[in-house]
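Close look at the chain arrangement
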Amino acid sequence: MKYNLILIASAVLLSTLLTANSCKKGKSPVTEEQLPPETHIGAFTIGFKVDGKIYTASGKGGLLAGQHVNYSYFADSTIDISIGNTESKFNLHIMFKYLGSLGIYVLKFTPNRGEFYDNSNGSIPGSLNTYTTDTINNGYVNIKYFTATIGGILAGTFEMNAINGNGKVIHITEGRFDIGNK
């Protein structure tokens, strides 16, 4: 009797383990790239989607660095956010006049504008790879955190539509950035 109970319990346990294992969804060994979280700690991160494709960059550096996420705050109150990733072959610039308060700044044309350059297909740089905002295809940047001091932090979100020299429009969505100035 005891032997039968052990045998039945073992069969139930084995059946449960096999059933549970078959219900698990398989995960690819390659992890899907994700957008960075929205933070305001000076993490030097940015992420956004262009027509659904995720683009990210991180790290402090200049144009020669593999990736760079920087901002400049000029004496005329212009903020220039500059992002690049030489591996993914893209650059993003967001420029706007900071009016001294957190909130939404519309991106259309100079001085408040957005520009995205994509060379991921290996084509020759030019107007077909450069997408800019204008009066029809525009967007916004939402400044959620800013300390305008040396070593300050700029963080927020953005979205925009931008057009290239051939009339092709792209949609940049779910943009977020957290940039230190150290």
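Description of the nonpolar core
If you look at the biggest cluster of nonpolar residues, it comprises 31 residues, and the most contacted ones within it are Phe-48, Ile-81, Leu-92, Phe-96, Phe-116 and Phe-158. Each residue touching Phe-48, except ones within four places of it in the same chain, is listed here: Leu-35, Lys-53, Ile-54, Tyr-55, Phe-90, Leu-92, Phe-116, Phe-158, Ile-172, Thr-173, Glu-174 and Gly-175.

Let's talk about the environment of Lys-108
Examined against the element boundaries, Lys-108 turns out to sit in the loop between strand E6 (103-107) and strand E7 (113-118). As for Lys-108 and Asn-161, which are separated by 53 residues in sequence, their C-alpha atoms are 9.5 Å apart. Apart from residues lying up to four places away in sequence, Lys-108 is in contact with Arg-113, Thr-133, Asp-134, Thr-135 and Asn-138.

Quick word on the pattern of salt bridges
When charged atoms on two side chains of opposite charge get close, those side chains can pair. Here the structure, examined in full by the defined rule, presents four salt bridges. Between Glu-115 and Arg-113 there is a salt bridge, with the nearest N and O atoms lying 3.8 Å from each other. Among the residues examined, Arg-113 registers a relative accessible area of 24% and is labelled partly exposed.

Focus on unusual backbone geometry
Between Thr-110 and the following residue, Pro-111, the backbone shows a cis peptide bond with an omega angle of 5°. Its place among the elements puts Pro-111 in the loop between E6 and E7. At Phe-44, a residue that is not glycine, the phi angle is positive and equals roughly 55°. Structurally, Phe-44 can be placed in the loop between helix H1 (2-23) and strand E1 (45-50). Within the chain, Asp-51 stands out as a residue other than glycine whose phi angle is a positive 50°. Looking at the element boundaries, Asp-51 is found in the loop between E1 and strand E2 (53-58).

Remarks on the packing of aromatic side chains
A complete count under the given rule lists 14 aromatic pairs for this structure. Plain terms: the ring middles of Phe-48 and Phe-116 are 5.9 Å apart, the flat faces sit at 85° to each other, and that makes the pair edge-to-face. Highlighted residues: Phe-48 in strand E1 and Phe-116 in strand E7, separated in sequence by 68 residues. Since its relative accessible area comes to 1%, Phe-116 is described here as buried. An aromatic cluster is defined as three or more aromatic residues linked by ring pairs; in this entry it consists of Phe-48, Tyr-55, Phe-90, Phe-116, Phe-158 and Phe-177.

Digging into the environment of Leu-102
Inspection of the secondary structure puts Leu-102 in the loop between strand E5 (90-97) and E6. Assessed through its relative accessible area of 48%, Leu-102 is described here as partly exposed. Separated by 41 residues in sequence, Leu-102 and Ile-143 have C-alpha atoms that sit 5.2 Å apart. If sequence neighbours within four positions are ignored, Leu-102 has contacts with Ile-143, Lys-144, Tyr-145 and Phe-146.

Reading the values: rules and limits
- Residues numbered from 1 in each chain as written.
- Predicted model: local features only at pLDDT ≥ 70, side-chain atom pairs only at ≥ 80, totals over all residues.
- Heavy atoms only, no water.
- Core = buried A, V, L, I, M, F, W, Y, C linked by side-chain atoms within 4.5 Å.
- Buried < 20%, exposed > 50% of the residue type's maximum accessible area, 1.4 Å probe, protein only.
- Contact = heavy atoms within 4.5 Å.
- Helix = DSSP H or I, 4+ residues; strand = E, 2+ residues; numbered from the N terminus.
- Salt bridge = Lys/Arg side-chain N within 4 Å of Asp/Glu carboxyl O.
- Phe/Tyr/Trp six-rings, centres within 6.5 Å; stacked < 30°, edge-to-face > 60°.

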